[in-house]
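# Tertiary structure, described
Take a look at the letters that make up each chain.
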Amino acid sequence: MNAIKVDALLVGSGVMSATLATLLKKLDSSMSILMVERLDQVAAESSDGWNNAGTGHAGYCELNYTPQGADGDVAIERALAINANFEISQQLWSSLIASGDLPAPDQFINATPHISFVWGEKNVEFLRKRYEKLSAHHLFGGMEYSEDPAVLEQWMPLVMNGREGNEPVAATRIEHGADIDFGSLTRNLVGSLEKQSGFDLRLGHEVTALKKNGGNNWHVTLKNRKTGKKEQITAGFVFLGAGGGALPLLQKSGIPEGKGYGGFPVSGQWLVCQDEKIVQQHHAKVYGKAAIGAPPMSVPHLDTRIINGKPALLFGPYAGFTTQFLKAGSKLDLIKSVSLNNLKPMVDVGLNNMDLTKYLIGEVMQSHQDRVETLKQYFPDAKAEDWSLAQAGQRVQIIKKDAKGRGKLEFGTELVAAEDGTLAALLGASPGASVAAQAMIDVLERCFRMRMDGGWKKQLKNLVPSYGQSLVENADLLKQVRNNTLSTLGLHEHEETEGYQRSAG
Ligand SMILES: Cc1cc2nc3c(=O)[nH]c(=O)nc-3n(C[C@H](O)[C@H](O)[C@H](O)COP(=O)(O)OP(=O)(O)OC[C@H]3O[C@@H](n4cnc5c(N)ncnc54)[C@H](O)[C@@H]3O)c2cc1C
């Protein structure tokens, strides 16, 4: 039997593969692409609206992107980089709306102010410093700051009402923040791809093996999960956009660049409220500070969400201990990922992160009432009966060797690519879907070097006008780009005001 041959095989139908397939088809419509998904639906793992927080991560409200050093200084570089990368995604989505590949923006993105909220002297001091540094940069020009409870009550009544005591409080706000239904975004992208010739989607099929043949092609084995029937595909390029499933496939590929990586899975849960009367009273994403000892991805936040067109409030995430790499995965995922190559780094991370493991187990053991007590720090009048628990997606944090060969745990995202550009894998989960466009442009730059130099770079500028230039450094370019994206995506720019409003004078 002759194997089917494609130019590119993308494993997984999440936002990453959907974005990469879209870019490839825009750059070369003659390319044959096969997307393979083990589940029966597109984007049913991390990219689904209910499985992630839907925050358009731009560093506006996430305090963990601006760590404070021992000298009290607040580092803003990571927030600047993430903000600029989010602008890349927004430019791509704007272009795809204009070309009819994406529907009206409110089908997947909605303006939702991004607020950071803190209490206590030290935290207020931190937020003020953070505000002063960030708002001085053009990327964060529209940021407002207040320590006045009356102002804060206007911004987020549910958070302020019923708050007792006179501890100092402070918040920053960016009005043009976004809530994104990444599930809807992804399904719309795949829907448009399916209308194009040369694109094929195979649902209910799992990639079980991949092997490089003598030349530059990969032989990929797919298994039909219902019938068990196996099939061979030959692909010139393979993208492992399999979310939590990317690490095991990277290990199977045997590429030297993938050696030594391990994964540390973390599950998540939310409290969800769909009572319209309550939902209507909150219109923001309000991020706080992570509890001491908590991992960065468990920063608590109270969010307005619009998922599949329906508004809801979400609070969390409550992280948890798990051994599964995918929500619909197997309890054996973690143990099966241990090999001679990554045994030492994984043991190192296990031994050096006992506190994290204990924290995650403690989170799982919480009762509904315990969770509601945490919620009350952000919504003092919350009632347990209005909220129910929902399971979020899985994150697989990266374990890799440090310079001394010891294992370390990383909370970011990493692209691992074969030297010859025939395979790439995306590991990790943060800042995630928000920066999908830049992450997939990185794939193009690492794996399609000749084509990029041969004309794709120029074409990319039609999709992402700022491509090749720095939005962190170029204020005029940002202004141009942002004016366009905010209006195309319906995220109206806040009128620049005096911003800094402090109650104490
Ligand atoms: C709790 C939580 C909160 C988050 N919050 C945010 C947020 O607020 N903002 C943000 O930008 N990002 C957030 N993220 C991250 C974001 O959800 C992910 O980075 C993004 O969805 C990853 O997309 P993906 O396409 O790589 O993976 P996925 O969406 O997980 O897709 C991978 C797909 O591959 C399939 N697959 C796996 N193995 C195989 C195989 N062997 N064969 C075939 N198919 C396979 C899976 O079934 C799945 O459908 C969050 C994630 C979590 C878990």
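Residues numbered from 1 in each chain as written. Predicted model: local features only at pLDDT ≥ 70, side-chain atom pairs only at ≥ 80, totals over all residues. Heavy atoms only, no water.

### What about the overall build of the protein?
Under the convention used in this document: A run of H or I in DSSP counts as a helix once it spans at least four residues, and a run of E counts as a strand once it spans at least two, with each numbered from the N terminus. We compute the radius of gyration over the C-alpha atoms and compare it with the globule rule, which gives 2.2 Å times the number of residues raised to the power 0.38. Exposed residues in this analysis have more than 50% of their type's maximum accessible area, buried residues have under 20%, and partly exposed residues fall in between, with area computed by a 1.4 Å probe over protein chains only.
Secondary structure summary: the protein contains 15 helices and 21 strands in total. Taking 505 residues into account, the globule formula puts the C-alpha radius of gyration at 23 Å, and the protein, at 23 Å, falls close to it. Across its three principal axes, the protein shows a C-alpha extent of roughly 75 × 50 × 45 Å. Expressed as a percentage of the 505 residues in the protein, the buried residues total 56%.

### A few points about the site of the ligand
For clarity, the threshold we go by: Note on terminology: near, applied to a residue and a molecule or strand, indicates that one of the residue's heavy atoms is within 4 Å of it. Pairing of N or O atoms within 3.5 Å defines a polar contact, subject to two protein rules: one partner must be a possible hydrogen donor and the other a possible acceptor, and residues neighboring in sequence count only if both atoms are side-chain atoms. Surface accessibility in these figures is a Shrake-Rupley result with a 1.4 Å probe; residues are shielded only by whichever protein chains are displayed. Only Asp, Glu, Lys and Arg are considered charged in this grouping, and only Ala, Val, Leu, Ile, Met, Phe, Trp, Tyr, Cys and Pro are considered nonpolar; every other residue, Gly among them, is considered polar.
In the vicinity of the ligand, 39 residues are found, and the nearest of them are Glu37, Ser47, Thr55, Val207 and Ser434. Within the contact set of the ligand, an oxygen atom lies 2.6 Å away from a side-chain nitrogen or oxygen of Glu37. In this structure, a nitrogen atom belonging to the ligand sits 2.9 Å away from a main-chain N or O atom of Thr55. The protein chains hide 96% of the 1,000 Å² of surface that the ligand would expose on its own. Of all elements in the fold, only α1 (15–27) and β9 (205–212) reach the threshold of two or more residues within the shell around the ligand. Tallying contributions element by element places β9 first for the shell around the ligand, with 3 residues. Its residues assigned to classes, the shell around the ligand comprises 16 nonpolar, 18 polar and 5 charged.

### Section: the side chain of Ser94
By secondary structure assignment, the location of Ser94 is in helix α2 (residues 77–98). At 2.8 Å, the side chain of Ser94 and the backbone oxygen of Gln90 are in polar contact.

### Considering the packing of aromatic side chains
So the rule is basically this: Only centres within 6.5 Å qualify two rings of Phe, Tyr or Trp (six-membered ring in Trp) as a pair; their planes then separate them into stacked at under 30 degrees, edge-to-face at over 60, and tilted for everything else. Counting as a charge over the ring demands two things of the Lys NZ or Arg CZ atom: a distance within 6 Å of the ring centre and an angle within 35 degrees of the ring normal.
One pass over the full model with this rule turns up 11 aromatic pairs. An angle of 70 degrees between the planes, with centres 6.2 Å apart, marks the rings of Phe379 and Trp387 as edge-to-face. Comparing Phe379 with Trp387, the two get one shared label, buried. Grouping aromatic residues by their ring pairs yields a cluster made of Phe117, Trp119, Phe315, Tyr318 and Tyr378. Across from the ring centre of Tyr318, 5.7 Å away, lies the NZ or CZ of Arg371, which sits over that ring.

### Looking at the confidence of the model for the protein
Reading fine detail from the predicted coordinates is not recommended where pLDDT is low. Where we set the bar: On a range of 0 to 100, pLDDT expresses the predictor's confidence in each residue. Contact definition: two residues touch when any of their heavy atoms are within 4.5 Å.
Counting all residues, the mean pLDDT for the protein is 92, and 96% of those residues have values of 70 or more. Confidence drops under pLDDT 50 across residues 494–505; counting only partners more than four residues distant or on other chains, this segment forms 25 contacts.

### Section: the pairing of strand β14 (residues 301–307)
The cut-off we apply is this: Strands pair, by our definition, only if DSSP identifies at least two bridges between them.
Most of β14 is tucked away: 6 of the 7 residues are buried. In this structure, β14 lies alongside strand β15 (residues 310–321), joined through 7 bridges in antiparallel fashion. When the bridges of β15 are listed, Arg305 appears paired with Ala312. In textbook terms, the turn of a hairpin is the stretch between consecutive antiparallel strands, and for β14 and β15 this stretch comprises 2 residues, one of which, Asn308, has a positive phi near 50 degrees.

### Details of the packing of α1 against helix α14 (residues 449–463)
Definition in use: To obtain an axis, a line is fitted to C-alpha atoms, over the contacting stretch when the element is a helix, and the angle between two such axes runs from 0 to 180 degrees between their N-to-C directions. Crossing handedness is read from the near helix: turned anticlockwise from the far helix by less than a right angle, it gives a left-handed crossing, and turned clockwise, a right-handed one.
One can describe the packing of α1 onto α14 by two numbers: an axis separation of 10 Å at closest approach and a directional angle of 115 degrees. Our pair here, α1 against α14, has a crossing hand that is right-handed. In this structure, α1 contributes Leu23, Leu24, Lys26 and Leu27 to the contact, and α14 contributes Trp456, Gln459, Leu460 and Leu463. Across the contact of α1 with α14, the residue classes tally to 6 nonpolar, 1 polar and 1 charged.

### Focus on the side chain of Gln438
Within the secondary structure layout, Gln438 lies in helix α13 (residues 436–447). Setting aside chain neighbours within four positions, we find Gln438 in contact with Asn85 and Ile88.

### Considerations on the nonpolar core
What counts, and what does not: Throughout this description, the term nonpolar core refers to a set of buried Ala, Val, Leu, Ile, Met, Phe, Trp, Tyr and Cys residues connected via side-chain atoms within 4.5 Å.
In this structure, Trp93, Phe237, Phe239 and Leu444 are the most contacted members of the largest nonpolar core, which totals 84 residues. Looking at this core, the element that brings in the most residues is α2, giving 10 residues. Excluding residues within four positions of it along the chain, Phe237 makes contact with Asp7, Ala8, Leu9, Leu10, Leu20, Gly421, Thr422, Leu423, Ala424, Val443, Cys447 and Phe448. Val207, Leu210, Val238 and Ala242 belong to the second largest nonpolar core, which has 29 residues in total.

### Details of the environment of Gly236
Position of Gly236 among the secondary structure elements: in strand β11 (residues 230–240). With a relative accessible area of 27%, Gly236 lands in the partly exposed category. For the pair formed by Gly236 and Cys273, sequence separation is 37 residues and the distance between their alpha carbons is 47 Å. Apart from residues no more than four positions distant in its own chain, Gly236 is found in contact with Val6, Asp7, Asn216, Asn217 and Thr422.

### Remarks on the packing of α2 against helix α15 (residues 475–488)
Stated precisely, the cut-off is as follows: The labels follow the angle: roughly parallel below 35 degrees, roughly antiparallel above 145, roughly perpendicular from 65 to 115, and oblique for the rest.
As a packed pair, α2 and α15 sit with axes 9 Å apart at the nearest point and diverge in direction by 50 degrees. Classified by the angle between their axes, α2 and α15 sit oblique to one another. As α2 runs across α15, the sense of the crossing is left-handed. The segment α2 lies against α15, with Asn83, Glu87, Gln90, Gln91, Ser94 and Ile97 engaging Leu478, Val481, Arg482, Thr485 and Thr488. Taken together, the residues of the contact of α2 with α15 break down into 3 nonpolar, 6 polar and 2 charged.

### Regarding the environment of Pro168
As for its placement among the helices and strands, Pro168 is situated in the loop between α5 (157–160) and β6 (169–174). Of the residues examined, Pro168 reaches a relative accessible area of 28% and is grouped as partly exposed. Pro168 sits 19 residues away from Pro149 along the chain, and the two C-alpha atoms are 8.9 Å apart. Among all residues touching Pro168, those that are not within four sequence positions of it are Val118, Trp119, Gly120, Glu121 and Val124.

### A few points about a nonpolar patch on the surface
The cut-off we apply is this: A patch consists of residues whose relative accessible area exceeds 30% and which take part in no salt bridge; residues with like charges are grouped when within 9 Å of each other, and nonpolar side chains (Val, Leu, Ile, Met, Phe, Trp, Tyr) when within 5 Å. Note on definitions: salt bridges are taken to be side-chain nitrogens of Lys or Arg within 4 Å of carboxyl oxygens of Asp or Glu.
A cluster of nonpolar side chains, Leu332, Ile335, Val338, Leu343, Val347, Leu351 and Met354, forms an exposed patch at the surface whose accessible area comes to about 630 Å². It is helix α10 (residues 343–352) that contributes the most residues to the nonpolar patch, 3 residues altogether. Checked against the element boundaries, Met354 lands in helix α11 (residues 354–364). Judged by its relative accessible area of 45%, Met354 is partly exposed.

### As for helix α7 (residues 246–253)
Test applied: The reported arc concerns the directions from the helix axis to the C-beta atoms and nothing else.
Those residues of α7 lying buried are Ala246, Leu247, Leu249, Leu250 and Ser253. The arc that holds every buried residue of α7, seen down its axis, measures 165 degrees, which confines them to one face. Taken from the residues just after α7, Gly254 is the one with a positive phi, measuring 75 degrees.

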